[in-house]
Amino acid sequence: MKIGLTIFLTDYCIHVVSLARRAEALGFESLWLPEHPIIPVHSATPWPGAADGEMPQYYRETVDPFVALAHASAVTTRLKIATGICLLPERDPLVLAKQVASLDYFSGGRFIFGIGVGWLREETEIMGGDFDHRWTQAKESVMAMKALWTDAVSEFHGKYYDFPPVHSFPKPAQRPHPPVILAGTAANVHKRIVDWGDGWLPIRVSLEEVRAGREKLNALAAARGRDPAGLTISIYGVPPEPETVRAYADAGADRVVLRLDSSPEAETLATLKELAEKLL
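Bear in mind that the values here come from a model prediction, so they are computed numbers and not experimental data.

Asker: Explanation requested: the overall build of the protein chain in the structure shown.
Answerer: Within the protein chain one finds ten helices and ten strands. The globule rule puts the C-alpha radius of gyration for 280 residues at 19 Å, and the 18 Å found for the protein chain is close to it. Projected onto its principal axes, the C-alpha coordinates of the protein chain cover approximately 50 × 40 × 40 Å. In the protein chain, which comprises 280 residues, the share counted as buried stands at 53%. Surface exposure of the protein chain reaches about 12600 Å², of which carbon and sulfur atoms provide 54%. Side chains of the protein chain carry 29 positive and 35 negative charges; the gap between the two charge centres is 6 Å.

Asker: Would you mind going over the sheet that holds strand S8 (residues 199-201) with me for this structure?
Answerer: The pairing of strands in a sheet comes from backbone hydrogen bonds and takes either a parallel or an antiparallel form. In space, the eight strands of this closed barrel follow the order S1-S2-S3-S4-S7-S8-S9-S10, with parallel pairing throughout. This sheet shows a mean twist of 25° between the axes of neighbouring strands, independent of strand direction. Bridge count between strand S2 (residues 30-33) and strand S3 (residues 80-87): four bridges; the pairing is parallel. What sits directly across from Leu33, in S3, is Thr83. Across the sheet, helix H3 (residues 65-74) is in contact with S2, S3 and strand S4 (111-116); its angle to S3 comes to roughly 180°.

Asker: What's the story with H3 in this structure? I'm lost.
Answerer: One full turn of an α-helix is made of 3.6 residues, so residues set three or four places apart face in the same direction. Among all positions in H3, only Pro65, Phe66, Ala68, Leu69, Ala72 and Ser73 are buried. The buried residues of H3 all sit within an arc of 160° when viewed along its axis, so they share a single face. Every exposed residue of H3 that faces more than 90 degrees away from the buried side is listed here: Val67 and Ala74. Check the buried side of H3 and you find it contacts helix H1 (16-26), S2, S3, helix H4 (93-106) and S4. At the N-terminal end of H3, a side-chain oxygen is found 3.0 Å from the backbone nitrogen of Phe66, two or three residues along, and the residue is Asp64.

Asker: Which parts of the structure should I look at to understand a nonpolar patch on the surface?
Answerer: On the surface, a cluster of nonpolar side chains totalling about 240 Å² of accessible area is made up of Ile38, Ile126 and Met127. Assignment of secondary structure puts Ile126 in helix H5 (residues 121-126).

Asker: Honestly, the pairing of S4 in this entry has me stumped. Any pointers?
Answerer: On any regular strand, side chains alternate: one points to one face of the sheet, the next to the other face. Counting buried positions along S4 yields six of six residues, so the element is predominantly enclosed. The side-chain alternation of S4 yields two buried faces, one formed by Phe111, Phe113 and Ile115 and the other by Ile112, Gly114 and Gly116. Direction of pairing for S3 relative to S4: parallel, over a ladder of five bridges. Residue pairing across strands places Thr83 opposite Phe113, the latter belonging to S4. Once you follow S3 into H4 and on to S4, the crossover reads as right-handed. Where S4 and strand S7 (residues 180-183) come together, three bridges link them in parallel fashion. Across the sheet, the residue bridging to Gly114 is Ile181, located in S7.

Asker: It is not clear to me how the nonpolar core should be interpreted in this structure. Could you clarify?
Answerer: Within soluble globular proteins, side chains that are nonpolar tend to cluster in buried spots. In terms of nonpolar packing, the biggest core is built from 69 residues, with Leu9, Phe28, Leu88, Phe113, Ile235 and Leu258 touching the most fellow members. Among all residues touching Phe28, those that are not within four sequence positions of it are Ile3, Leu5, Ala23, Leu79, Leu258, Leu272, Leu275, Ala276 and Leu280. Trp32, Ile85, Ile112 and Val257 belong to the second largest nonpolar core, which has ten residues in total.

Rules used throughout
- Residues numbered from 1 in each chain as written.
- Predicted model: local features only at pLDDT ≥ 70, side-chain atom pairs only at ≥ 80, totals over all residues.
- Heavy atoms only, no water.
- Helix = DSSP H or I, 4+ residues; strand = E, 2+ residues; numbered from the N terminus.
- Rg over C-alpha atoms; globule rule 2.2 N^0.38 Å.
- Buried < 20%, exposed > 50% of the residue type's maximum accessible area, 1.4 Å probe, protein only.
- Areas by Shrake-Rupley, 256 points an atom, 1.4 Å probe, with all protein chains shown as cover.
- Lys, Arg positive; Asp, Glu negative; His and termini not counted.
- Charge placed at Lys NZ, Arg CZ, Asp CG, Glu CD.
- Pairing = 2+ DSSP bridges.
- Axes fitted to C-alpha atoms, helices over the stretch in contact; angles between N-to-C directions.
- Contact = heavy atoms within 4.5 Å.
- Arc of directions from axis to C-beta.
- Polar contact = N/O pair within 3.5 Å; in protein donor to acceptor, adjacent residues only side chain to side chain.
- Patch = residues over 30% accessible without salt bridge, like charges linked within 9 Å, V, L, I, M, F, W, Y side chains within 5 Å.
- Salt bridge = Lys/Arg side-chain N within 4 Å of Asp/Glu carboxyl O.
- Right-handed = clockwise from strand over helix to strand, strands pointing away.
- Core = buried A, V, L, I, M, F, W, Y, C linked by side-chain atoms within 4.5 Å.

Right under this line is the structure:
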């Protein structure tokens, strides 16, 4: 079982360099960073992570994941670096493809591209996304980026993104491209993964949902001629308890991503040591 970490990095919590160095030294497999480019002051959309719908303060204050992950990659050699998640409808795929490829290139092929479409309508719309059709937009974005990552001369013609033949370099170190891991628990998520992704990144899912998801991915992959073993399941935001980690592994997960609090450096480093002693 691979064990990764995620945290909302802010300017008052541990620095990403300290976090990445200690995580690698202790034996954690990966570091996943989320994003919210902006948070609207006024919003009618409730946060799905709490019964009262109140969004935590750190959502408003988190840093850009690509800048932070570049810092992390520069001070590590084995730790995988990942977005958890990148909000595709809020980014231009022409620019994003170069960011992903550059980060994968400089890290020596250690990047995992965790993607999603977001839950906050007001944020998505301010950033130019089509909230009601955000997964359709996300698929177009991924297909455009795959062309940019793999073709010497790339072009794409779709509803949301349309560009003539262009050059886009560097190419990613991983071939044909870094793994594209889809977040969410929507009805079509497993079909999307098999059609144009490489893995599943669910949050707040039961063991039964993981088992069912693994079975569905296996069946869909076999029907489409894909190797089921190549489609990973990474459970996001798992409680740091050995029994829980083992249970998710038994249910078919390949990786768990443990959630760290946005805390000062000394507190976070102590937490990392405790987690490593319990789980690694």
